[in-house]
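Reading the structure
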Amino acid sequence: KLPRRSDSAGPEEFPVGKMRSKSVRRVLEERFPQRVMDILKRAGEVAERRDEQVYLVGGAVRDLLLRIHNLDIDLVVEGGGIPFSRELAAEFSGCRVRSHEKFGTAVLLFEDGFKIDVATARYEYYEVPGALPTVETSSIKRDLYRRDFAMNTLAVRLNPRTFGQVIDFFGGARDIKEKVIRVLHNLSFVEDPTRILRAV
């Protein structure tokens, strides 16, 4: 077996410092339909019951800060993404779950065609450039670190007591403000060359 590829800086080398406890709850309520808000709040309640943490992540968070309409909802669970998805789906009549055990991911399919992607917080590493990643369960910080650009590493807490609080380990909010596209480590384009196209 080949050794893991390493980066010049791993997620642990980004100092946590004092992250701002900025809340976007009001922005969520302004930008998302009531139905989506109900699903997000229910997701937080399910996570709380399961003693897990769940986050809204990805492009929806980035676009929320940019005030761009985006209902492509991605959730990450620090825990069991697939069991969480099944429990959340049971809260909604006619909602089905399509799961992918290998990657710990699931899709919630609602009766009207709306869908939500759910993933277990995971860390990916590449045995060789361009290969499919090897996946391990992990923390939200390591999960966000595997993403393509810093502006896509923002997360919003959905558990009831901290609902709407922004997590920003890697300076993504600053990059959005300064209109910067920045990768997180020096092997980013080697591991996944399609990120070059995504940057464009």
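Residues numbered from 1 in each chain as written. Predicted model: local features only at pLDDT ≥ 70, side-chain atom pairs only at ≥ 80, totals over all residues. Heavy atoms only, no water.

Description of the confidence of the model for the protein
Should the pLDDT be low somewhere, the predicted coordinates at that spot are not to be read in detail. Filter applied, for reference: For every residue, the predictor states its confidence as a pLDDT score lying anywhere from 0 to 100. Every residue pair with non-hydrogen atoms within 4.5 Å of one another is taken to be in contact.
Of all residues in the protein, 82% attain a pLDDT of 70 or more, and the chain-wide mean is 87. Confidence drops under pLDDT 50 across residues 1-8; counting only partners more than four residues distant or on other chains, this segment forms 23 contacts.

Overview of the pattern of salt bridges
For clarity, the cut-off: Salt bridges, as used here, are contacts in which a Lys or Arg side-chain nitrogen is within 4 Å of a carboxyl oxygen on Asp or Glu. Starting at the N terminus, helices and strands are each numbered in turn, a helix being any DSSP run of H or I of at least four residues and a strand any DSSP run of E of at least two. Each residue gets one of three labels from its accessible area relative to the maximum for its type: buried under 20%, exposed over 50%, partly exposed in between, using a 1.4 Å probe on protein chains only.
Tallied over the entire structure, the rule returns 16 salt bridges. Across the pair Glu 48 and Arg 161 runs a salt bridge, and its minimum N-O distance is 2.6 Å. One end of the pair, Glu 48, is in helix α2 (residues 34-49); the other, Arg 161, is in the loop between β8 (155-157) and β9 (166-167), and 113 residues separate them in sequence. Since its relative accessible area comes to 29%, Glu 48 is described here as partly exposed. Note on Arg 161: relative accessible area 76%, which makes it exposed.

Here we look at unusual backbone geometry
Here the phi dihedral of Asp 51 falls at roughly 60°; this positive angle occurs in a residue that is not glycine. Relative to the helices and strands, Asp 51 is located in the loop between α2 and β1 (53-57). At Lys 179, a position not held by glycine, the phi torsion is positive, near 60°. For Lys 179, the location among the structural elements is in the loop between α6 (172-178) and α7 (188-191).

A look at the pairing of β1
Spelled out, the test is: Strands pair, by our definition, only if DSSP identifies at least two bridges between them.
In terms of burial, β1 is largely enclosed, as four of its five residues are buried. Across five bridges, β1 lies against strand β2 (residues 73-78) in antiparallel orientation. By the bridge assignment, Val 54 is partnered in β2 with Val 77. Summarising the sheet, β1 and β8 pair through three bridges and their orientation is antiparallel. Within β8, the position partnered with Val 57 by the bridge is Ala 155.

So, helix α4 (residues 81-89)
The line we're drawing: In this description, one arc is meant: the one made by directions from the helix axis to the C-beta atoms.
Every buried residue belonging to α4 is among Gly 81, Ile 82, Phe 84, Ser 85, Leu 88 and Ala 89, and all of these are buried. For α4, the buried positions fall inside an angular range of 160° around the axis, keeping them on one side. Against α2, β1, β2, β3 (96-100), β4 (105-109) and β5 (115-120) lie the buried residues of α4.

Structural notes on the environment of Arg 122
Position of Arg 122 relative to the elements: it lies in strand β6 (residues 122-125). Its relative accessible area of 12% is what places Arg 122 among the buried residues. Along the backbone, Arg 122 and Phe 103 are 19 residues apart, and their C-alpha atoms lie at a distance of 8.5 Å.

A short note on the packing of aromatic side chains
Counted only if it meets this: To pair, rings of Phe, Tyr and Trp, with the six-membered ring standing in for Trp, must have centres within 6.5 Å; the planes then decide the type, stacked if under 30 degrees apart, edge-to-face if over 60, and tilted in the middle. Criterion for a charge above a ring: Arg CZ or Lys NZ at most 6 Å from the ring centre, at most 35 degrees from the ring normal.
In total, this model carries four aromatic pairs according to the counting rule given. Ring geometry for Phe 92 versus Phe 110: centroids 5.5 Å apart, planes at 70°, classification edge-to-face. Pair noted here: Phe 92 is in the loop between α4 and β3 and Phe 110 is in the loop between β4 and β5, with a separation of 18 residues, a long-range link. For Phe 92, a relative accessible area of 16% translates into the label buried. Through a chain of ring-to-ring contacts, the aromatic side chains of Phe 92, Phe 110 and Phe 114 assemble into a single cluster. Sitting over the face of the ring of Phe 110, Arg 35 holds its NZ or CZ atom 5.2 Å from the ring centroid.

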